[in-house]
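# Architecture and fold: a report
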Amino acid sequence: MKEISEILKAYSKAKTAGRKTALATVVKVEGSSYRQPGARMLVTEDGDLTGAISGGCLEGDALRKALLSIHQKQNKLITYNTSNEDDIELGLQLGCNGIVHILFEYIDDEAANNPIQLLQQLELERKEAVVVTVFSLKRNAKQIGTALFYRNESAVLNNTMEVLNLITDANEVLKTKTSIVKKLQIENENEALVEYIKPPISLVIAGAGNDVQPLVKMASILGWKITLGDGRAIHAVQKRFPKADSVKAIKSEQFLENIIIDDQTYFVLMTHNYKYDLTVLKSLLETDCQYIGILGPKTKLNRMLDDLQNEGITVSEEQLERIYSPIGLDIGAETSEEIALSIVSEIKAFAAGKMGTSLKYKSGKIHDEVGYEN
């Protein structure tokens, strides 16, 4: 989602400056590739690039193809075969062992529901959504492009979309939370990337000490939305955390006020004030938040559980499963920066449904593949 947000900002800036743009989207991958279907890059007519469709090996040629799309005001599908190291077509050896299909879409600023306008719908509401991009691998075929935005049983359609019936597919992807590429039974042997997109992670931090600063910086780099609160007014000030979206001095009893909790919301308790953290934990146990990280040793958590028990609050096994203490992956972290890296890594792994182990010991491909349906 961060990449899309940056593309939308870059487009707005380019449009204000009167510069034409094209959107490059990885729509299908056969074999291995650095980026997977759904990766995007915005190209301006003067050569500015925002986002990425590879690790840097395709961007040079992709820039030329995007500029051609802008000049001709047409969508184009380009296929890069990165599996043949002897292929000198690109003038370099990519070594990714895959075939990457990239759709280049000219952005007509005046067209209703153009690709950028459809992507802008993602930022109107903090909820999951589906974006459908229609393409054809057939030579010289018309490329329909970004055609549908779908959320909450409502759809926003590109003006070429009336010939398609992808609402059912979009609804199914929204239910399964898994993107697919499928063939369509329409003219030109079209296919569609039906892409599931989650809202960005919302990181809520109880604490405004110096050790929170690197955590905020790292989370910001990843595009997470950051809310921070602490009972110490002298610490909880925006100036100390310029990358945070919200910083507030607040009592522990009121910490959860005005905080929307969804399945992308993660809490970290690190105020170094035991009573403050305990009060926030007590409130969180009454919610359905899926991740509560607590800084400190295991003895701290055990003490918290004992104190809650003394108040007549028994923490269930289900609730205990949602508590991560000590917080973070075991990477030998000692400094505040290393601890921040450990915390961010654990949350990212949890959000992706991974264990956070070394890729050296992973069997199979690095990335989860997008499913393909006939």
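Preceding this section is the structure that the text describes.
A short tour of the structure in this document, coming up. Along each chain, residues carry numbers from 1 onward, in the same order as the chain's sequence is written. Since the coordinates come from a predicted model, pLDDT governs what is reported: local features require at least 70, and pairs of side-chain atoms require 80 or more to be given and counted, while whole-chain, interface and lining totals use all residues. Only hydrogens and water are removed before side-chain values are computed, so all heavy atoms of the structure are retained for them.

## Let's talk about the pattern of salt bridges
For clarity, the cut-off: For salt bridges, the criterion is a side-chain nitrogen of Lys or Arg within 4 Å of an Asp or Glu carboxyl oxygen. Here a strand is any run of E in DSSP of at least two residues, a helix any run of H or I of at least four, and the numbering for each starts at the N terminus. For every residue, the accessible area obtained with a 1.4 Å probe (protein chains only) is divided by the maximum for its type, and the residue is called buried under 20%, exposed over 50%, and partly exposed between those limits.
Here the structure, examined in full by the defined rule, presents 18 salt bridges. Arg40 is the salt-bridge partner of Glu195, the closest N and O atoms lying 2.7 Å from each other. With Glu195 in strand β10 (residues 190–197) and Arg40 in strand β2 (residues 40–44), the pair connects residues that are 155 residues apart, well separated along the chain. When sorted by exposure, Glu195 lands in the same class as Arg40, which is buried. A salt bridge links Lys282 to Glu311, with the nearest nitrogen and oxygen atoms 2.8 Å apart. Of this pair, Lys282 sits in helix α6 (residues 274–284) while Glu311 sits in the loop between α7 (298–310) and α8 (317–321), and the two are 29 residues apart along the sequence. Using a relative accessible area of 32% as the deciding quantity, one classes Lys282 as partly exposed. Residue classification places Glu311 among the partly exposed positions, given a relative accessible area of 44%.

## Points about the packing of α6 against α7
Using the following cut-off: A fitted line through C-alpha atoms represents every axis, and for helices the fit uses only the stretch in contact; the resulting angles, taken between N-to-C directions, go from 0 to 180 degrees. Handedness of a crossing follows from how the near helix is turned relative to the far one, being left-handed for an anticlockwise turn of less than a right angle and right-handed for a clockwise one. When checking whether two residues touch, look at their non-hydrogen atoms; a contact exists if any pair is within 4.5 Å. Here the term charged refers only to Asp, Glu, Lys and Arg, the term nonpolar to Ala, Val, Leu, Ile, Met, Phe, Trp, Tyr, Cys and Pro, and the term polar to all other amino acids, Gly among them.
In contact at an axis separation of 11 Å, α6 and α7 are set at 65° when each is read in the N-to-C sense. Seen from above, α6 lies across α7 with right-handed handedness. Facing Tyr274, Asp277, Leu278, Leu281 and Lys282 of α6, the residues of α7 in contact are Lys300, Arg303, Met304, Asp307 and Leu308. Of the residues that constitute the contact of α6 with α7, the class distribution is five nonpolar, no polar and five charged.

## Notes on the side chain of His101
What counts is decided by this rule: As used in this structure description, the phrase polar contact means that two N or O atoms lie within 3.5 Å; if the pair is within protein, one of them must be able to donate a hydrogen and the other to accept it, and residues adjacent in sequence are counted only when both atoms belong to side chains.
Turning to its location among the elements, His101 is positioned in strand β5 (residues 98–107). Relative accessible area serves as the criterion here: at 5%, His101 is assigned to the buried category. A polar side-chain atom of His101 sits 2.8 Å from a polar atom in the side chain of Thr79. With residues up to four places along the chain from it excluded, the contact list for His101 reads Thr25, Val26, Val27, Lys28, Glu30, Leu77, Ile78, Thr79 and Leu137.

## Quick word on the packing of aromatic side chains
Selection rule: Here a pair means two rings of Phe, Tyr or Trp (six-membered ring of Trp) with centres within 6.5 Å. Their orientation is stacked below 30 degrees between planes, edge-to-face above 60, and tilted elsewhere.
Tallied over the full model, the rule gives six aromatic pairs. Among the aromatic residues, ring-to-ring pairing joins Tyr266, Tyr291, Tyr324 and Phe350 into one connected group.

## As for the layout of surface pockets
Under the convention used in this document: Definitions used throughout: a 1 Å grid over protein atoms alone; a cavity as a set of points that fits a 1.4 Å probe which cannot get out; a pocket as an open set with protein on both sides within 12 Å along at least five of seven lines; a lining residue as one with an atom within 4 Å of a point. Grid points are joined across faces, edges and corners, and a volume is the space filled by probe spheres set on the points.
Taken as a whole, the second largest pocket encloses approximately 470 Å³ of empty space. Element by element, the count of residues in the lining of the second largest pocket is highest for helix α1 (residues 2–16), at four residues. Of the residues contributing to the lining of the second largest pocket, the split by class is six nonpolar, three polar and 12 charged.

## What about the sheet that holds strand β4 (residues 76–81)?
This is how it is decided: Each pair of strands is called paired provided DSSP finds at least two bridges between the two strands.
Across the sheet, five strands lie side by side as β3-β2-β1-β5-β4; this open sheet has antiparallel pairing. Two strands close off the open sheet at either side, each with one partner strand: β3 (49–51) and β4. The sheet shows a mean angle of 25° between the axes of neighbouring strands, direction not considered. Alignment of strand β1 (residues 21–31) against β2, held across five bridges, turns out to be antiparallel. Bridged to Leu23 within β2 is Leu42.

## Structural notes on the nonpolar core
Put simply, the test is: The criterion is simple. A nonpolar core is a set of buried Ala, Val, Leu, Ile, Met, Phe, Trp, Tyr and Cys residues joined through side-chain atoms within 4.5 Å.
Residues Leu203, Ile205, Leu215, Val216, Phe241, Val268 and Ile347 are the most contacted members of the largest nonpolar core, which totals 26 residues. Of all the secondary-structure elements, those providing two or more residues to this core are β11 (202–206), α5 (212–221), β12 (225–230), β14 (265–269) and α9 (336–351). It is α9 that provides the largest number of residues to this core, a total of five residues. Discounting chain neighbours no more than four positions away, the residues touching Val268 are Leu203, Val204, Ile205, Ala206, Leu215, Gly293, Ile327, Ile343 and Ile347. In terms of nonpolar packing, the next biggest core, distinct from the first, is built from 23 residues, Leu284, Ile292, Ile294 and Val315 among them.

## Examining the side chain of Ser252
Within the secondary structure, Ser252 is located in the loop between β13 (246–249) and β14. Looking at Ser252, the relative accessible area reads 9%, which means it is buried. Here the side chain of Ser252 touches Glu253 through a polar contact of 3.4 Å, side chain to side chain.

## What to know about the packing of α5 against α9
Operational definition: The cut-offs work like this: below 35 degrees is roughly parallel, past 145 is roughly antiparallel, 65 to 115 is roughly perpendicular, and the gaps in between are oblique.
At a minimum axis separation of 8 Å, α5 and α9 run at an interaxial angle of 45°. It follows that α5 is oblique to α9 by the angle criterion. When the axes of α5 and α9 are compared, the crossing they make is right-handed. Of the residues in α9, those in contact with Pro214, Leu215, Met218 and Ala219 of α5 are Ser336, Glu337, Ala340, Leu341, Ile343 and Val344. Looking at the contact of α5 with α9, its residues break down into eight nonpolar, one polar and one charged.

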